[in-house]
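Results of the structural survey
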Amino acid sequence: MNAFLSNLIPLIIAAVAAMIWLGLNALVWVYCERKFAGHIQRRPGPFEVGPHGVLQPLIDGLKLMGKQLLTPDNADAVLYWLAPLLSMLPVLLLFLPIPYGPVLIGMDVNLALLLILAFSSFNGLAVILAGWASNNKWGVLGAARAVSQTVAYEIPLLLTVLTVSFMTGSLSLLDITVQQGGHIGNWFIWKQPLAFIIFIIAMFGETNRAPFDLAEAESELTAGFHTEYSSMGFGLFFMAEYGYMVVMCSVCSVLFLGGFNGPFPGIEGWWWMLIKTYALLSLMVWARWTFPRVRFDQLLNINWKWLLPLATVNLLATALIMKL
Amino acid sequence: MSAYQNLEQMKGDFYTQKFEAGKQDGTLIINMGPQHPSTHGVLRIVIEVDGEYIVRAEPVLGYLHRMHEKMGETQTWGGFIPNMGRVDYGHAMAWNWAYVGAVEKLMGIEVPERAEYLRVIMTEFNRLTSHLLWWGAYILDLGAFTPIMYAFDDREMILDILQRPSASRLTYSNFRVGGLQMDFDDKCIELMKTFIPHFRARLPMYHDLVTENIILRRRVEDIGVIDQDMCRRYGCTGPVLRGAGVPYDVRKDEPYSIYDRFDFEIPTQDTCCSMGRYKVRLAEMEQSMRIIEQALEQLPSAEGGHIVDKAPKPAMKPPAGEAYFNVEGGRGKIGVYVVSDGGKVPYRIKLRAPGFSNLSAFAEAATGTLLADAVAILGSLDLIIPEIDR
């Protein structure tokens, strides 16, 4: 009983911390994205609420909560409301195995990478459910797009992740980070540049972000899978999107950019992790506000004709070199 | 049962009937619009899709019908001018011009030379705003948010300029039968002269940022082919026709006003695709600037501000007869046909909107493409819905 409790209590603390961290990150990045977008578009962005509009995301959240929860006619109410929850809840779990320091980690799991890949697929499921259950043709089209897209982009993501775990012999993110310790030359981006690029591209596809935001594509499908959602139903999808972005960027910085290791020995700390993650997030925001959206067949062509063969070749080459 | 009865009642709705009757197995009929982000207003397109491939598409009009032609039969000749600004908010001045041109032709009125120049300058500036609006909105349709902000940045400067002699920013109605309502002031001409080099420096940036973008090129190249044959069958004009390689421009082929005094080219593209139409419009902006520059140079002095010579009173009575006048608008050939029975009120006014003909080519061009391509084709036609519905 005591052993059980001593395992459970840190886990609960970690889960609560992950929730707070997720909420905080979502707020920060909603603000940052709007501010970035503003400056890219030669306008100040949010400016009215608080100094330089820093309270804007809070007010937006309050506004969303104040809206009415509408269920469309003839919608499958259970599935319809299950979808946003299913999209949001796994994100909390995904933050647990991400190391911000040797001790600053929610739960050091041996199979952390597997856990993250497995639970991040829930997002695809949630999108499909949302599109299907909302009894809307645009929603169905968005869901159909999401199915092909998630299935397609998970494979190159998995293959690139595998190359890193081949090299380290571990699926634990903490192990992978520790093995990149020392100086900047030990980061895996130098040993696996191709995998890094494939991971970045697949990351855009996996998180449904522009230029790969085909499932919501507002100029074609009005809003795709979340056309019918109001209030916090939409809010949860919105938060989950930012949550997945933060998770994917964190994983990318752990796998390729050395996680909490600094560029020189002796200065490692959680702030490095934060800097790298936020730099990658800025890249995602930048891409979103700069590029047009690709077409659906082009999206799948990029994956099946380029990313997948390249990732496979990369994996085989890595395996061969490891064997030699 | 009730749904069936509703269908029975809707027998008059041609589109619903046609699509319900002919729906194939495994296809989905979706309504794109009247409320849809990329139909720009209230255009409704009934689309039958197989997966994401379009089997049939049919534009349905009438959601913004404001009876402009019928209104013309109840208003005085002068009172109809403000209507023209509302027909096409993108290129309002060309519509103004087409109407007052027709009435002037009917009454045999000569327009003072300075007024002709001012009309040319303002209409060409308005063409720039029209193309800028289209450019931003088209890229927005393709999923890039930022370019419209840059386009509006420049458009805003033109609106500030045009606001001075016309007192409005979007729905202009400053043309009068026989001339113009107001003359340019010195500040206005100075602003115009500084704007042209500014915009000339900005255009290459548009090309760098957007035209050369690989995603954009893959989205619009070879999409929505409307060739010369289709243009002839549907009566497409303007950039759609010039994008198909036909150098037809009313300003050159049937020169009206003083357009024969300027040296400018008619840009064409042979690709017939959306990218061709895109490039034609961007090249047209450069030609418009050339015309403005030449017109500003040749502009006769004000001489007491005679821009409306012997202007008829608002309650004018043109002699009985008919007249047709056409001008080149941002979207193509704008034609106005007026009939007078000698009274204070027009007997009949017929408006020829280029957007209507251009839109009718959409159904054929979009068949067999993806849903995302339909948005790209629709945008490349540069539709202003109030003009189509009138």
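Residues numbered from 1 in each chain as written. Chains lettered and ligands numbered in written order. Predicted model: local features only at pLDDT ≥ 70, side-chain atom pairs only at ≥ 80, totals over all residues. Heavy atoms only, no water.

Take the overall build of chain B next. When you go through chain B residue by residue, the secondary structure sums to 17 helices and eight strands. Taking 21 Å as the expected radius of gyration for a compact globule of 390 residues, we find that chain B reaches 22 Å, a close match to that expectation. In terms of overall dimensions, chain B has a C-alpha envelope of 75 × 50 × 35 Å along the principal axes. Per-residue burial over chain B gives 58% buried out of 390 residues. Of the contacts made within chain B by residues no fewer than 6 positions apart, 71% connect residues no fewer than 24 positions apart. In chain B, the 43 positive side-chain charges and the 52 negative ones have mean positions that sit 4 Å from each other. (Helix = DSSP H or I, 4+ residues; strand = E, 2+ residues; numbered from the N terminus. Rg over C-alpha atoms; globule rule 2.2 N^0.38 Å. Buried < 20%, exposed > 50% of the residue type's maximum accessible area, 1.4 Å probe, protein only. Contact = heavy atoms within 4.5 Å. Lys, Arg positive; Asp, Glu negative; His and termini not counted. Charge placed at Lys NZ, Arg CZ, Asp CG, Glu CD.)

Right, let's talk about the packing of helix 5 (residues 92-107) of chain B against helix 6 (residues 113-141) of chain B for a bit. Following both chains from N to C, one finds helix 5 of chain B and helix 6 of chain B inclined at 145 degrees, their axes separated by 8 Å at the closest point. From helix 5 of chain B, B:Ala92, B:Met93, B:Ala94, B:Trp97, B:Val100 and B:Glu104 reach across to helix 6 of chain B, where they touch B:Glu116, B:Arg119, B:Val120, B:Met122, B:Thr123 and B:Asn126. (Axes fitted to C-alpha atoms, helices over the stretch in contact; angles between N-to-C directions.)

Our focus in this paragraph is unusual backbone geometry. All names here are of chain B. Unlike most non-glycine residues, Met67 shows phi in positive territory, near 60 degrees. Note on placement: Met67 falls in the loop between strand 3 (53-60) and helix 3 (68-72). Within the chain, Cys272 stands out as a residue other than glycine whose phi angle is a positive 65 degrees. Position of Cys272 relative to the elements: it lies in the loop between helix 12 (250-253) and helix 13 (274-298). Residue Cys272 is classed as buried on the basis of its relative accessible area, which comes to 11%.

Our next topic: the pairing of strand 6 (residues 321-329) of chain B. All names here are of chain B. Of the pairings in the sheet, the one linking strand 6 to strand 7 (residues 332-340) comprises nine bridges and is antiparallel in character. Note on strand 7: the bridge partner recorded for Ala323 is Val338. From the end of strand 6 to the start of strand 7, which pair antiparallel, there are two residues. (Pairing = 2+ DSSP bridges.)

Interfaces are often sized by the accessible area lost when the parts come together. In this complex, chain B contributes 32 residues to the contact, which on the side of chain A involves 24 residues. A per-residue breakdown of the area chain B buries against chain A is headed by B:Glu52, B:Phe145 and B:Ile215, which together make up 22% of the total. For the pair chain B and chain A, the interface holds three salt bridges. Residues A:Arg42 and B:Asp153 are paired through a salt bridge, measuring 2.7 Å at the closest nitrogen-oxygen approach. Applying the counting rule to chain B against chain A returns nine residue pairs in polar contact (both at pLDDT 80 or more). For the side of chain B that touches chain A, the leading source of residues is strand 1 (residues 28-32) of chain B, giving five residues. Its residues assigned to classes, the side of chain B that touches chain A shows 18 nonpolar, seven polar and seven charged. (Buried area = accessible area lost by both parts, 1.4 Å probe. Salt bridge = Lys/Arg side-chain N within 4 Å of Asp/Glu carboxyl O. Polar contact = N/O pair within 3.5 Å; in protein donor to acceptor, adjacent residues only side chain to side chain. Nonpolar A, V, L, I, M, F, W, Y, C, P; charged D, E, K, R; others polar.)

Once that is clear, we can look at the environment of A:Ala133. Residue and element names in this part refer to chain A. Residue position: Ala133 is located in helix 5 (residues 122-133). Taking the C-alpha atoms as reference, Ala133 lies 42 Å from Gly258; in sequence the two are 125 residues apart. Those residues within four positions of Ala133 in sequence are excluded, and the remaining contacts are Ala75, Asp76, Leu79 and Tyr80.

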